[in-house]
Amino acid sequence: MPVVDAVDLVREYRMGTETVRALDGASLTLDGGQFVSVVGPSGAGKSTLLHIIGALDAPTSGSIRVDGVDLTALSDDAASEFRRRRVGFIFQFFNLVPTLSAWENVALPMLLDSRSLAKAKPRAVELMERVGLGHRIDHRPSELSGGQMQRVAIARSLIMEPTIVLADEPTGNLDSHTGADVLALLADVAHENPNRLVLMVTHDAAAASACDRVVTVSDGRVAG
Ligand code: ADP
Ligand code: ADP
């Protein structure tokens, strides 16, 4: 079963009397165990597609299944639970909580899911080790480099063992060397679990070349 199965997605936004078609019949099938990038010009519909796959937004029409779940049928609460349990999010500017230590940032999604600190802490520490930051668990985000902050964010994205990790320009704020390290880590994260998909929106041609597959979005459709 593919992780993402999208058919004929249309997403319209109404702006006063105008209607903008952000997606105009986008279809896409993606398997697990892969690191896939989404590229295309600004305004092509990449973010809209990523948001629909992450159950942050719903299509106007079309069908979308992620991890076997029909996202068009979810209530707001069910969509929220789907995001918490099955999706990891990684952002360009890391979105770490500045007042929490690195391991506490990693543990946060589990604590927000009502898991105990006793369960969350060892898992967070293990993930900090997994991303090469076992020696930085008590540091605050401001005491870490950009590459280290993104590694913390990657560890955080994995703590609920998501089927899909969505990364929006994860190297956009990193120099090319640090960015390459982060891309290699994201590729490992995808390849170590045949059921897991890592899907990244990027403008960076080098980033796309680190991927197993490149999906091009153009005028609201998937070109290839
Ligand atoms: P990309 O990520 O490829 O730059 P987007 O998915 O952000 O493209 O946007 C696709 C199109 O939809 C653009 O024309 C954009 O202006 C429009 N759009 C996206 N989000 C909204 C919104 N919330 N309201 C109105 N128009 C939007
Ligand atoms: P809840 O509804 O349980 O409070 P949310 O739905 O706000 O939780 O968030 C669930 C997940 O979706 C979180 O990991 C959060 O980071 C992510 N998220 C929420 N809103 C956005 C957004 N606009 N863009 C990207 N990720 C988001």
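Residues numbered from 1 in each chain as written. Chains lettered and ligands numbered in written order. Predicted model: local features only at pLDDT ≥ 70, side-chain atom pairs only at ≥ 80, totals over all residues. Heavy atoms only, no water.

Trainee: Account for the layout of surface pockets, with residues named and values stated.
Mentor: Remark: the empty space left among the atoms is shown by a probe the size of a water molecule rolled over them. The volume enclosed by the largest pocket comes to roughly 340 Å³. Around the largest pocket, the lining is made up of 13 residues, and of these Arg-83, Arg-84, Val-87, Phe-89 and Pro-109 lie nearest the centre. Every element with two or more residues in the lining of the largest pocket is listed here: helix H2 (76-86), strand E6 (87-90), helix H3 (102-112) and helix H5 (146-158). For the lining of the largest pocket, the element with the highest residue contribution is H3, accounting for four residues. Here the residues of the lining of the largest pocket sort into seven nonpolar, three polar and three charged. By volume, the second largest pocket is sized at about 150 Å³. Lining the second largest pocket are Ala-55, Leu-56, Asp-57, Ala-58, Leu-71, Thr-72, Leu-74, Ser-75, Asp-76, Ala-79 and Arg-83. A class-by-class count of the residues in the lining of the second largest pocket yields six nonpolar, two polar and three charged. (1 Å grid on protein atoms, 1.4 Å probe; cavity = no way out; pocket = protein on both sides within 12 Å on 5 of 7 lines; lining within 4 Å. Points joined across faces, edges and corners; volume = space filled by probe spheres on them. Helix = DSSP H or I, 4+ residues; strand = E, 2+ residues; numbered from the N terminus. Nonpolar A, V, L, I, M, F, W, Y, C, P; charged D, E, K, R; others polar.)

Trainee: Go over the site of ligand 2 with me, naming the residues and quoting the values.
Mentor: For ligand 2, the full set of nearby residues is Leu-56, Ser-80, Arg-83, Arg-84, Phe-89 and Phe-91. Taking Arg-83, its side chain carries an N or O atom lying 2.4 Å from an oxygen atom of ligand 2. Arg-84 places a polar side-chain atom, nitrogen or oxygen, 2.8 Å from an oxygen atom of ligand 2. Look at ligand 2: alone it shows 550 Å² of surface, and the protein chains cover 47% of it. (Near = heavy atom within 4 Å. Polar contact = N/O pair within 3.5 Å; in protein donor to acceptor, adjacent residues only side chain to side chain. Areas by Shrake-Rupley, 256 points an atom, 1.4 Å probe, with all protein chains shown as cover.)

Trainee: So what about the environment of Asn-173? Which residues, and what values?
Mentor: With respect to the element layout, Asn-173 can be found in the loop between strand E7 (164-168) and helix H6 (176-191). Of the residues examined, Asn-173 reaches a relative accessible area of 39% and is grouped as partly exposed. Separated by 46 residues in sequence, Asn-173 and Asp-219 place their C-alpha atoms 26 Å apart. The contacts of Asn-173, once residues within four sequence positions are left out, are Gln-92, Phe-93 and Phe-94. (Buried < 20%, exposed > 50% of the residue type's maximum accessible area, 1.4 Å probe, protein only. Contact = heavy atoms within 4.5 Å.)

Trainee: Explain the pairing of strand E4 (residues 61-66) to me, using residue names and the numbers behind them.
Mentor: Bridge count for strand E1 (residues 4-15) against E4 is five bridges, and the pairing is antiparallel. Its bridge partner being in E4, Ala-6 is matched across the sheet by Ile-64. Relative to strand E5 (residues 69-70), E4 runs antiparallel, the two sharing two bridges. Looking at E5, one finds that Arg-65 is bridged to Asp-70. Here E4 hands over to E5 after two residues, with Asp-67 in that stretch at a positive phi of 55 degrees. (Pairing = 2+ DSSP bridges.)

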